Amino acid sequence: MTTMDNIVPNLSAPPIEGVADTTTAYQQRYKGFYDQWGELLQTNMDRLQAGSFHLGWMDRDGSHWGTKVKPSSRGLTYMDMNRSKAYGTIPEKSEFRNFAPRGSIRDRYADQLPVIDEYDVLERMHVWSDNLETLYEEAKVRQWNSTTDIPWSELKPVSEDLEMATCQLSTFLTEVEFVAGDFPSRWIYRISPDFFEAKNFLVSQMMDEARHMEVFRKRALAGGGGLLHPSPAFEWALKAILESPTHTQGTFLLNVLGEGLVLSIFRAGEFLSKTHVDKEIFRLCMQDEARHVSYGTMELKSYLDAAPNREAALIDMHAFADIGEQVILTALTDPYILEPLAVLMGDGIKNIDDGMEGVTFLWATIVEEYLQRCDRAGFDRRAKCTIPLEYPWSA
Amino acid sequence: MARGPGSFYIDATCIGCGACEHACPGKVDAIYKVDGDFLGRFAIVLDDCIDCGLCIPTCPVDCIHDARVDGITQGEGEGGYTRIKELQAWAADRVDHAD
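### A look at the nonpolar core
Inference 1: Residues Phe252, Leu341 and Phe379 of chain A together with Ile10 and Ile64 of chain B are the most contacted members of the largest nonpolar core, which totals 116 residues.
Inference 2: Among the elements that take part in this core, helix H11 (residues 276-306) of chain A stands out by supplying 12 residues, more than any other.
Inference 3: Other than its neighbours up to four places away in sequence, isoleucine 10 of chain B contacts Cys20, Ile31, Phe42, Ala43, Ile44, Cys63 and Ile64 of chain B.

This is the structure we're talking about:
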């Protein structure tokens, strides 16, 4: 039975047999912190035993008490919240590596709060974009459900070659969506809570990608075909995205280049869809992808604009893009992706040559749209781009 | 004095990210998603727009313009996002030949 006398943990107790090593290590680690949290526990216990109140939480010194935010006609958004200087000033560099929310009275607790070592993305320029808050609002408004918002029961059968092409494309898109969800997850945890707007947007991106992975998996099976071949070439590109050394570089590779490529494919969805069900899938996924591409473009701009040495930042980003474009090119030339696109564009395997002509136009669209995004970000890749502007296909 | 229509417009290269829609002040709410447009593009209600320009910095493709400064480009826009018209033309041509 726990009493006031035995509430202090036995710090010298030997490890208990049968307990997993990871649990033992965790125990030891938190026993090691005991002089910090144990002191707080003891103080609190003493107060409870003495029957006295603290009421320190009513002390408003250092607070922004009296701030009242007003909702707009759309409701209460982060833009409305951030009109208050006290709550809406986003620091260039976060000084806090704990969970205390921006705008709370946190300075005086700096010595008592734990330090979360993993919070190491502390500079705003590595995560911010000027459209972050509005994109987050849009993301919440445009959520949809792949279970109920796609008219699955209306999916009409198509010829086997077209169904195979759709299933192969669905397999490829499922692969893409995995990394598009996993990449933000790798970084959200590391971003300082001072930039919670960025965390929130990235969570919405993860939800979008989960839904896309779900919808393309469902599409592959809903027509009576199924998932087909993974693309080794594309998986190298996905690996390169996932292992990008910084959040900005990875966001560039994922959202500006990779998701941009997928957005271009979705924008061509009218010509790839053989049923109105497929068209609806592309349409709904496209509006989600547009947000991710939008964030990536403006995040790169924000990073370059805020870089202490813009020239050095550009040199570094160009070097990164040189290799990034090449791995994406590896994917973009892959028959497991291009040939299904050609079959769908041409309306069947017998017209694959004709479909390749359509893919030629799609290629030019992909590259030009990418270069325009780079222009918008202030990152001129036109002279340096290592992806051919025209499709290297000889009929 | 009655206010005239606004001067801002969104050209055809909009990618439909919707960032501008929420930058528009709530009471104005002049930006809307165009119904039935497969590309999911947005447009501005000129009679509602107050020319505040808050939407412009949020656009990732520079497709929002002030007609007083840029003139009007028949909504076609410029740059890479116009290339899809070639694909659209190719597809339309195929349909015509199939007919």
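### Some remarks on the packing of aromatic side chains
All names here are of chain A.
Inference 1: Taken as a whole and assessed by the stated rule, the structure comprises 17 aromatic pairs over all chains.
Inference 2: For the pair phenylalanine 183 and tryptophan 187, a centre-to-centre distance of 6.4 Å together with 45° between the ring planes defines the contact as tilted. Of this pair, phenylalanine 183 and tryptophan 187 both sit in helix H6 (residues 160-188), four residues apart, which is roughly one turn of that helix.
Inference 3: With relative accessibility at 2%, the residue phenylalanine 183 sits in the buried group.
Inference 4: Measuring from centroid to centroid gives 6.5 Å for phenylalanine 216 and phenylalanine 282, while their planes differ by 45°, and the two rings are tilted. Placement of the pair is phenylalanine 216 in helix H7 (residues 196-222) and phenylalanine 282 in helix H11, with a sequence separation of 66 residues.

### Observations regarding helix H13 (residues 335-346) of chain A
Residue and element names in this part refer to chain A.
Inference 1: Under the 1.5 Å per step criterion, the end-to-end length of H13 is 15 Å for 12 residues, consistent within 8% with the ideal 16 Å.
Inference 2: With nine of 12 residues buried, H13 lies mostly within the body of the structure.
Inference 3: Every buried residue of H13 is listed here: Ile337, Leu338, Pro340, Leu341, Ala342, Val343, Leu344, Met345 and Gly346.
Inference 4: Downstream of H13 by a residue or two, aspartate 347 has a phi angle that is positive, lying close to 70°.

### Quick look at the side chain of glutamate 325 of chain A
Residue and element names in this part refer to chain A.
Inference 1: Turning to its location among the elements, glutamate 325 is positioned in helix H12 (residues 310-332).
Inference 2: On the basis of relative accessibility, which here comes to 0%, the residue glutamate 325 falls in the buried class.
Inference 3: In this view, glutamate 325 contacts Leu257, Tyr370, Arg381, Lys384, Cys385, Thr386 and Ile387; residues no more than four positions away in its chain are not counted.

### Some words on the pattern of salt bridges
Between side chains of opposite charge, a pair can form when the charged atoms approach closely.
Inference 1: Summed over all chains, the structure comprises 36 salt bridges over all chains.
Inference 2: Between aspartate 347 of chain A and lysine 274 of chain A there is a salt bridge, and its shortest N-O distance comes to 2.6 Å. Separated by 73 residues along the polypeptide, aspartate 347 of chain A in the loop between H13 and helix H14 (352-377) and lysine 274 of chain A in the loop between helix H10 (269-272) and H11 bring together distant segments of the chain.
Inference 3: According to the relative accessible area criterion, lysine 274 of chain A is partly exposed, its value standing at 24%.
Inference 4: Ionic pairing is found between arginine 41 of chain B and aspartate 37 of chain B, a salt bridge with its closest N-O pair at 2.9 Å.
Inference 5: You can call arginine 41 of chain B partly exposed: its relative accessible area is 22%.

### Description of the domain arrangement of chain A
Inference 1: Domain assignment breaks chain A into domain 1 (4-54) and domain 2 (124-376).
Inference 2: On a C-alpha basis, the centres of domain 1 of chain A and domain 2 of chain A stand 48 Å from each other.

### Considerations on a nonpolar patch on the surface
All names here are of chain A.
Inference 1: A cluster of nonpolar side chains, contributed by Phe53, Leu55, Trp57 and Met58, occupies part of the molecular surface with about 570 Å² of accessible area.
Inference 2: Note that tryptophan 57 resides in the loop between helix H2 (34-50) and helix H3 (78-81).
Inference 3: Judged by its relative accessible area of 68%, tryptophan 57 falls in the exposed class.

### Thoughts on the packing of helix H1 (residues 21-32) of chain A against H2 of chain A
Residues and elements named next belong to chain A.
Inference 1: Two elements in contact, H1 and H2, have axes separated by 6 Å at closest approach and are oriented at 70°. It follows from the interaxial angle that H1 and H2 lie roughly perpendicular. Along its contact with H1, which presents Tyr30, Lys31 and Gly32, the element H2 presents Tyr34, Asp35 and Trp37.
Inference 2: Considered class by class, the residues forming the contact of H1 with H2 number three nonpolar, one polar and two charged.

### Comments concerning the interface of chain B and chain A
Inference 1: The interface is formed by 37 residues belonging to chain B together with 48 residues belonging to chain A.
Inference 2: Here chain B packs against chain A, burying approximately 3,500 Å² in sum over the two surfaces, 57% of which is carbon and sulfur.
Inference 3: At the junction of chain B with chain A, the criterion picks out seven salt bridges.
Inference 4: For arginine 142 of chain A, the salt bridge goes to glutamate 21 of chain B, with nearest N and O atoms at 3.3 Å.
Inference 5: On inspection of chain B and its partner chain A, the count reaches 18 residue pairs in polar contact (both at pLDDT 80 or more).

Rules behind the numbers
Residues numbered from 1 in each chain as written. Chains lettered and ligands numbered in written order. Predicted model: local features only at pLDDT ≥ 70, side-chain atom pairs only at ≥ 80, totals over all residues. Heavy atoms only, no water. Core = buried A, V, L, I, M, F, W, Y, C linked by side-chain atoms within 4.5 Å. Buried < 20%, exposed > 50% of the residue type's maximum accessible area, 1.4 Å probe, protein only. Helix = DSSP H or I, 4+ residues; strand = E, 2+ residues; numbered from the N terminus. Contact = heavy atoms within 4.5 Å. Phe/Tyr/Trp six-rings, centres within 6.5 Å; stacked < 30°, edge-to-face > 60°. Expected span 1.5 Å × (residues − 1). Salt bridge = Lys/Arg side-chain N within 4 Å of Asp/Glu carboxyl O. Domains from an automatic or database assignment. Patch = residues over 30% accessible without salt bridge, like charges linked within 9 Å, V, L, I, M, F, W, Y side chains within 5 Å. Areas by Shrake-Rupley, 256 points an atom, 1.4 Å probe, with all protein chains shown as cover. Axes fitted to C-alpha atoms, helices over the stretch in contact; angles between N-to-C directions. Parallel < 35°, antiparallel > 145°, perpendicular 65-115°, else oblique. Nonpolar A, V, L, I, M, F, W, Y, C, P; charged D, E, K, R; others polar. Buried area = accessible area lost by both parts, 1.4 Å probe. Polar contact = N/O pair within 3.5 Å; in protein donor to acceptor, adjacent residues only side chain to side chain.

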